[in-house]
Amino acid sequence: MLTVAEAVKILSKKNITHSEEMVRRWIRKGKIKDAVKFSNKEGWLIPEDSLDEVIAAKTYMNSGIKSTKEYRKGYQDALAYIKERDYELIKQSPPVYEKEFTIYRDDALDLAENMLPEEQLANPFKKFVDDTLFRCSHAEPLSSIVVKVLNNWVLVEDTNDIYNIAKLPNLNVTFEDHLTRALLRDQFNTFKRTSLAI
């Protein structure tokens, strides 16, 4: 049988606890089995087998926490690697992608008009969107643009702009509308910096 002080010495070496009060609390809660107290002067006496069980349980818990942290770190590292790999794949020429969809010019211009609180900016902004998204290097604006998707990355084919879907605000709309709004928000920020400064 071990006294509380003797038990704490053993537990300290195992980096489990350095506190006698903690050991007494474990005894009161029944976490250390079969401990007995014959008198207040003598204090608690702990069977060595019971202390061994506590050591085994605490060591297992601590190793589990450590391995969980290591697992999470490994998982996060893997996600970061995949994200970087996918970014490189979608920006290469030709891009590697999983799916594609089309943004139609009329729909985008309607959204652009509805985004603006100031009515007098609607037409200049729509022209800006036409020039930067749908015309690019073409003589006339295209009726649509193609968007390619790989995991969290989106490539706008005609402009070569790449977006991270994970960073887009969470809107309760279809993915296509969600991305179109994100493109238009970026276009509007550029429009404000350039056109409105003149």
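Definitions and limits used
- Residues numbered from 1 in each chain as written.
- Predicted model: local features only at pLDDT ≥ 70, side-chain atom pairs only at ≥ 80, totals over all residues.
- Heavy atoms only, no water.
- UniProt positions renumbered as here; feature names shortened; annotations may be inferred.
- Helix = DSSP H or I, 4+ residues; strand = E, 2+ residues; numbered from the N terminus.
- Buried < 20%, exposed > 50% of the residue type's maximum accessible area, 1.4 Å probe, protein only.
- Pairing = 2+ DSSP bridges.
- Axes fitted to C-alpha atoms, helices over the stretch in contact; angles between N-to-C directions.
- Parallel < 35°, antiparallel > 145°, perpendicular 65-115°, else oblique.
- Left-handed = near helix turned anticlockwise from the far one by under 90°.
- Contact = heavy atoms within 4.5 Å.
- Nonpolar A, V, L, I, M, F, W, Y, C, P; charged D, E, K, R; others polar.

Engineer: Just to check I follow, could you spell out the UniProt feature "domain: Helix-turn-helix" (unreviewed entry) in the protein chain for this structure?
Structural biologist: The UniProt record annotates "domain: Helix-turn-helix" (unreviewed entry) at residues 1-58. Secondary structure across residues 1-58 divides into 52% helix and 12% strand, with the first and last C-alpha atoms of the span separated by 20 Å.

Engineer: What's the story with the pairing of strand E6 (residues 153-156) in this structure? I'm lost.
Structural biologist: It is a general feature of regular strands that their side chains alternate between the two faces of the sheet. A two-sided burial pattern is seen for E6, the buried positions comprising Trp153 and Leu155 on one face and Val154 and Val156 on the other. Inspection of the sheet shows strand E5 (residues 144-150) paired to E6 by four bridges, in the antiparallel sense. Bridge assignment links Leu150 to a residue of E6, and that residue is Trp153. Counting the residues in the hairpin turn of E5 and E6 gives two residues, including Asn151, whose phi is positive at 55 degrees. Of the strand pairs in this sheet, E6 and strand E7 (residues 161-164) are connected by four bridges, and their pairing is antiparallel. Each bridged residue has a counterpart across the sheet, and for Val156 the counterpart in E7 is Asp161.

Engineer: Teacher, can you tell me more about the packing of helix H4 (residues 105-115) against helix H6 (residues 175-194) here?
Structural biologist: Helix packing geometry: the angle between the two helix axes and the distance between the axes. Contact geometry of H4 with H6 gives a least axis separation of 10 Å together with a crossing angle of 60 degrees. One element, H4, and the other, H6, form an angle in the oblique class. Crossing hand, H4 versus H6: right-handed. Residue-level contacts link Ala108, Leu111, Ala112 and Met115 of H4 to Thr180, Arg181, Leu184 and Arg185 of H6. Its residues assigned to classes, the contact of H4 with H6 comprises five nonpolar, one polar and two charged.

Engineer: I would appreciate a short explanation of the environment of Asp34 in the present structure.
Structural biologist: Here Asp34 is to be found in the loop between helix H2 (20-28) and strand E2 (36-37). Residue Asp34 is classed as exposed on the basis of its relative accessible area, which comes to 60%. Placed 15 residues apart in sequence, Asp34 and Asp49 show a C-alpha to C-alpha distance of 9.4 Å. Apart from the residues lying within four places of it in its own chain, the contact partners of Asp34 are Leu45, Pro47 and Ser50.

Engineer: Quick question: what am I supposed to make of the environment of Leu116 here?
Structural biologist: Along the chain, Leu116 turns up in the loop between H4 and helix H5 (122-135). Assessed through its relative accessible area of 10%, Leu116 is described here as buried. Between the alpha carbons of Leu116 and Phe188 there is a distance of 9.1 Å; along the sequence they are 72 residues apart. Discounting residues that sit within four places of it in the chain, Leu116 has contacts with Leu121, Ala122, Phe125 and Phe188.

Engineer: Help me understand the sheet that holds E7, please; the structure alone is not making it clear to me.
Structural biologist: Pairing between the strands of a sheet is mediated by backbone hydrogen bonds and can be parallel or antiparallel. The four strands lie next to each other as E4-E5-E6-E7, forming an open sheet whose pairing is antiparallel. Looking at strand neighbours, the two that pair on one side only are strand E4 (99-104) and E7, the edges of this open sheet. Looking at each pair of strands side by side, their axes are set apart by 25 degrees on average, direction ignored. Alignment of E4 against E5, held across six bridges, turns out to be antiparallel. Bridge pairing in E5 links Lys99 to Val149. In the packing of H4 onto the sheet, contacts are made with E4 and E5, and the angle to E4 comes to roughly 65 degrees.

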